[in-house]
Amino acid sequence: MGNGFDSIAQSSYWLIQGRDLFLFLHLLGTVCFLYIVARRLRPLLAAQRDFRFDRPLARLGRVAQYWLAQWRHPRYRLAGAIHILIFAGFLILAARAFTLLAMGVSDRFAGEASGGWYAAVRAYASTVVFLCMVVAAIRRLAFRPARYPRSADAIFLLGLIALLMAADAVFEAAGGAFYARQGREMGREAPLSLIWACQNLFASLPPASLRGLRLGAYLAHELTFFFLLCYRPFGIQFHVETSLFSIYFAKLERERLKPVRWGMPDDAIDKLDSLGVKKLEDFTWKHILDFYSCADCGRCADQCPANAAGRPLAPRALTAKARDYVFGHYPVFGRPADGQSFIGGVFSEDEIWSCTTCGACEAECPLLVEYIDKIVDLRRGLVDDGKAPQALHKPLKSLESRGNPFGKLEKKRADWARGAARVVNGNRVETLYFADSITSYDDRMQSIGRAAAGILGRLGEDFGILGPAERDSGHDVRRYGEETLFMALRDHNMEAIRASGARRIVTADPHAYNALKHDYSGAPPVEHISQVAARAVRTGWLRLNPVDGGVYTYHDPCYLGRHNGVYDDPRDVLDSIPGLRRVEMKRCRDRSFCCGGGGLALFYEPPERERMGVLRVRMAAEAGANVIVTACPFCMANLEDAIKSAGLEGQMTAIDLAELVERQMVS
């Protein structure tokens, strides 16, 4: 048996000593992997800068939570459980893999099959990973969830990992069977494991056959290990290497929109030759890293309301197409692909404009892949080239000339108040109520503004409004790619806000809330009216009368809930109303379903199979509710219209939280 049963390094393979063969394989595999990774890094080096090196402790905390603890995976129970088991198995087996590699070049790592608790844990870990590969393959082949793409690559990779586990088990079991023949019961610590099963299968084999099995299994393990290592950067499994870095460098404040260029002051933007993303290299290095890190699990598309409504957008597909484009234009081998344009080729314009920036995809992604910044950057590029949808030309022009998308006169902006609120007009106030455009000009939404003003008045707040001095907050203007117009609106509003002397801002519009809180540098602290009402209810300053019947459900507005984490305050207010029966929709809180009406979407709707709002009111009906409460004028506009479109008039109504509170206030 050569130089001993245990010695892989001194065994012979086709007249080549094991040490020489495996040293060559290790060096070749490592060099190939490093070469492939270096080639994959080229587009990141050619991309735009992105400042992601701040707050290292917070970033390490994210790694511990989302990478190590797999925080978001259990949201899909079966798929999550499988992934957690595989990931835990890999962590346990990592040291084993490198020990096996070293065994091929040095006898220091050779020896009898190890025993004890670690060997048992390792045996069960490899068994669990193997079984998970089998289950995952069967699931993809026979019971494939709709969110999974058809992928031969995924099945092939599952097979490679299963082969890796099987080779390790055969290698270990052959050694255990050999020692069992000598009366030493090694490897029996893990009954029902894959190693245990193989060892029982090999029990009657002669020593020469066991040695051949062991050497063959080791060679199969080494070849599979390095082939898998070098193959992964060519497909979705590259996320195994990149996900840790993608999570570490993920945005710490996801509600903040990426600037046009990192490190560039606003007054320098006009000097740029081009705005936004028009070619691959216009993305930042982190966003290209995201393309590599996507695991193709489809959770983003599964939660995307635009995808559910049949719009030409699926976040997973957006990332997959971009990754394929990167692979084609920065190939590891051969010449770059040519001929396919980035906009209009990789991404269609309807796809780019279909997103409502609701954030459902980002809230679901277990690897913290970012989508909104990419979409907005693509829109910036289209707007810079004059390719905004025709339907948006008029509202954008009105925003530029009148400060609102409706083209209404500035002097009429305060007409909604009707004595409910006073215009600041040079006076100083403690609290500024920011109405924004839809509340100021839409006849139906004006009642939300009056209700919010009524709540502030009942609480004795010293508040006022900007009136004609107010312009649109610019929230949706910015997210539709018109950065320079947004800056003009923001600067005008900031000047008026400073002149008012207000120490805080209150609004009933989550879009204005998000803009004032995150897009307006130097603005006073901002609160949504639901937060004001919740605090007043808790302290006893606001008491509410009972309601008469009805089953209520709360619809989380995207920019109040997902983007700013305000989930409990509106619910606390509803639960404080005597007699109010509240139920939750299946899609609620950070999985809330977008109404489809964010800002300029009132003026432009991409092609779709069914309106998002209609899908949402049906969810409310399925929950048993006949009253939908929301806290956003855009949601109100879409939900009321959707109730009519769904044929639920007379069976269901919608009301804003501020309207409900003002109606139920104890006089």
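Residues numbered from 1 in each chain as written. Predicted model: local features only at pLDDT ≥ 70, side-chain atom pairs only at ≥ 80, totals over all residues. Heavy atoms only, no water.

## Here's the deal with the overall build of the chain
Selection criterion: Secondary structure elements follow DSSP: runs of H or I no shorter than four residues count as helices, runs of E no shorter than two count as strands, and numbering proceeds from the N terminus. Note on classification: 1.4 Å probe, protein chains only; a residue is buried when its accessible area is under 20% of the maximum for its type, exposed when over 50%, partly exposed between these limits. By definition in these notes, contact holds between two residues if any of their heavy atoms fall within 4.5 Å.
Along its length, the chain carries 26 helices and 10 strands. Seen through its principal axes, the chain has C-alpha atoms that stretch 100 × 60 × 45 Å. Considering the chain as a whole, with its 667 residues, one finds that 58% of them fall into the buried category. Within the chain, contacts between residues at least 6 apart in sequence are counted, and of these 79% link residues at least 24 apart.

## Regarding the domain arrangement of the chain
How we decide: Domain extents, as shown, originate in an automatic or database domain assignment. Buried area is understood as the total, over both parts, of accessible area removed when two parts are fitted together, assessed with a 1.4 Å probe. Salt bridges are defined as contacts in which a side-chain nitrogen from Lys or Arg sits within 4 Å of a carboxyl oxygen from Asp or Glu.
Under the domain assignment used here, the chain contains domain 1 (12–234), domain 2 (266–384), domain 3 (403–532) and domain 4 (534–664). Inter-centroid distance (C-alpha atoms) of domain 3 to domain 4 is 22 Å. Between domain 3 and domain 4, the contact holds 33 residues from the first and 34 residues from the second. Taking both partners together, domain 3 and domain 4 bury about 2,700 Å²; carbon and sulfur atoms supply 67% of that area. Joining domain 3 to domain 4, the criterion identifies 3 salt bridges. Its salt-bridge partner being R444, residue E659 comes within 2.7 Å of it at the nearest N-O pair.

## Observations concerning the pattern of salt bridges
Two side chains bearing opposite charge may form a pair once their charged atoms approach each other closely. What the rule picks out here adds up to 47 salt bridges. The partner of D296 in a salt bridge is R316, with the nearest N and O atoms 2.9 Å apart. Taken together, the positions of D296 in the loop between α9 (285–293) and α10 (299–303) and R316 in helix α12 (residues 315–329) put the pair 20 residues apart, joining distant regions of the chain. We classify D296 as buried; its relative accessible area is 7%. Here R316 falls in the buried class, since its relative accessible area comes to 17%. Several salt bridges share partner residues, and in doing so they unite K258, D377, R380, R478, R479, E483 and D519 into one network.

## Digging into the pairing of strand β9 (residues 627–630)
Here is the key point about a regular strand: its side chains alternate between the two faces of the sheet. To be explicit about the condition: Strands qualify as paired when DSSP identifies two bridges or more between them. The handedness of a crossover follows from its direction of travel: if, with the strands pointing away from the viewer, the path from the first strand over the helix to the second runs clockwise, the crossover is right-handed.
Alternating residues of β9 divide into V627 and V629 and I628 and T630, and every residue in both groups is buried. Inspection of the sheet shows β9 paired to strand β10 (residues 653–656) by 4 bridges, in the parallel sense. Note that in β10 the partner of T630 across the bridge is D656. Considered for its hand, the β-α-β crossover made up of β9, helix α25 (residues 633–645) and β10 is right-handed.

## A closer look at helix α6 (residues 194–201)
Helical periodicity: at 3.6 residues per turn, an α-helix aligns residues three or four positions apart in one direction. The following threshold applies: Here, the arc refers to the directions that run from the helix axis to the C-beta atoms.
When α6 is considered as a whole, its buried residues turn out to be L194, I195, C198 and Q199. The buried residues of α6 occupy an angular sector of 130 degrees when the element is viewed end-on, so they sit on one face. Where α6 is buried, its residues contact α4 (117–142) and α5 (152–181).

## A closer look at the sheet that holds strand β7 (residues 551–554)
What counts here: For every element, the axis is a line fit to its C-alpha atoms; helices are fit only across the contacting stretch, and the angle between N-to-C directions ranges from 0 to 180 degrees.
The strand order β8-β7-β9-β10 describes an open sheet built from 4 strands, whose pairing is parallel. Single-partner strands in this sheet number two, and they are β8 (581–583) and β10. Each adjacent strand pair in this sheet contributes to an overall mean axis angle of 35 degrees, direction not counted. Docked against the sheet, helix α26 (residues 657–664) engages β7, β9 and β10, running at close to 80 degrees with respect to β10.

## A short note on the pairing of β7
Burial along β7 is two-sided: the face carrying V551 and T553 and the face carrying Y552 and Y554 are both buried. When β7 meets β8, the two strands line up parallel, connected through 3 bridges. Looking across to β8, one finds that V551 is bridged to R581. Two elements, β7 and β9, share 3 bridges in a ladder whose sense is parallel. Bridging from a neighbouring strand, Y552 pairs with V627 of β9.

## A look at the state of the cysteines
Put simply, the rule is: Throughout, a disulfide means two cysteine sulfur atoms within 2.5 Å of one another.
If you walk through the whole model with that rule in mind, you get 0 disulfides. No disulfide involves C594; its sulfur sits 3.8 Å from that of C558, the nearest cysteine.

## Describing the packing of aromatic side chains
This is how it is decided: For this analysis, a ring pair means two rings from Phe, Tyr or Trp (six-membered ring only for Trp) whose centres lie within 6.5 Å, classed as stacked if their planes differ by under 30 degrees, edge-to-face if by over 60, and tilted for the remaining angles.
By the definition in use, this model includes 25 aromatic pairs. Here Y325 and F342 contribute two aromatic rings whose centre-to-centre distance is 5.0 Å and whose plane-to-plane angle is 55 degrees, an arrangement assigned as tilted. Of this pair, Y325 sits in helix α12 while F342 sits in the loop between α12 and α13 (349–353), and the two are 17 residues apart along the sequence. By the burial criterion, Y325 is buried, and F342 matches it. One aromatic cluster in this structure is built from F283, F291, Y325, F342 and F347.

## Examining the layout of surface pockets
Put simply, the rule reads: Put simply, the grid is 1 Å and covers the protein atoms alone, a cavity is a trapped set of points that fit a 1.4 Å probe, a pocket is an open set with protein on both sides within 12 Å along at least five of seven lines, and lining residues have an atom within 4 Å of a point. Grid points are joined across faces, edges and corners, and a volume is the space filled by probe spheres set on the points.
Approximately 1,300 Å³ is the volume attributed to the largest pocket. Lining the largest pocket are 47 residues, with I86, F90, I161, Q237 and V240 positioned closest to its centre. When contributions to the lining of the largest pocket are tallied by element, the ones reaching two or more residues are α2 (56–68), α3 (77–103), α4, α5, α7 (207–231) and α8 (239–248). Domain assignment of the residues forming the lining of the largest pocket places at least three in each of domain 1 (12–234) and domain 2 (266–384).

## Here's the deal with the sheet that holds strand β6 (residues 526–528)
Strand pairing in a sheet takes place through backbone hydrogen bonds and is either antiparallel or parallel in direction. The 4 strands lie next to each other as β4-β3-β5-β6, forming an open sheet whose pairing is parallel. Pairing within the sheet leaves two strands with one partner each, and these edge strands are β4 (463–465) and β6. Here the average twist between neighbouring strands, direction ignored, is 30 degrees. Both strand β5 (residues 504–507) and β6 contribute to a ladder of 3 bridges, which runs parallel. Paired with I505 across the bridge in β6 is V526. Packed on one face of the sheet, helix α18 (residues 446–458) meets β3 (431–433), β4 and β5 and runs near 165 degrees to β3. Along the sheet face, helix α22 (residues 529–539) touches β5 and β6 and points at about 75 degrees away from the line of β6.

## Some details on the nonpolar core
The criterion, for reference: Grouping buried Ala, Val, Leu, Ile, Met, Phe, Trp, Tyr and Cys residues that are joined through side-chain atoms within 4.5 Å yields what is termed a nonpolar core.
Formed by 149 residues in total, the largest nonpolar core has its most connected members in L280, I288, F342, Y433, I529, L542 and V629. The element best represented in this core is helix α20 (residues 483–500), accounting for 7 residues. Those residues in contact with Y433, other than ones at most four positions away along the chain, are W416, I448, G449, A452, L456, F463, G464, I465, E470, V506, T507 and A508. By size, the runner-up hydrophobic cluster in this structure holds 28 residues, among which are C132, A136, L229 and C230.

## A few points about helix α23 (residues 568–575)
Turning to α23, its buried residues number three or more, namely D569, P570, R571, V573 and L574. Where α23 is buried, its residues meet α22, β7, β8, β9 and α26.

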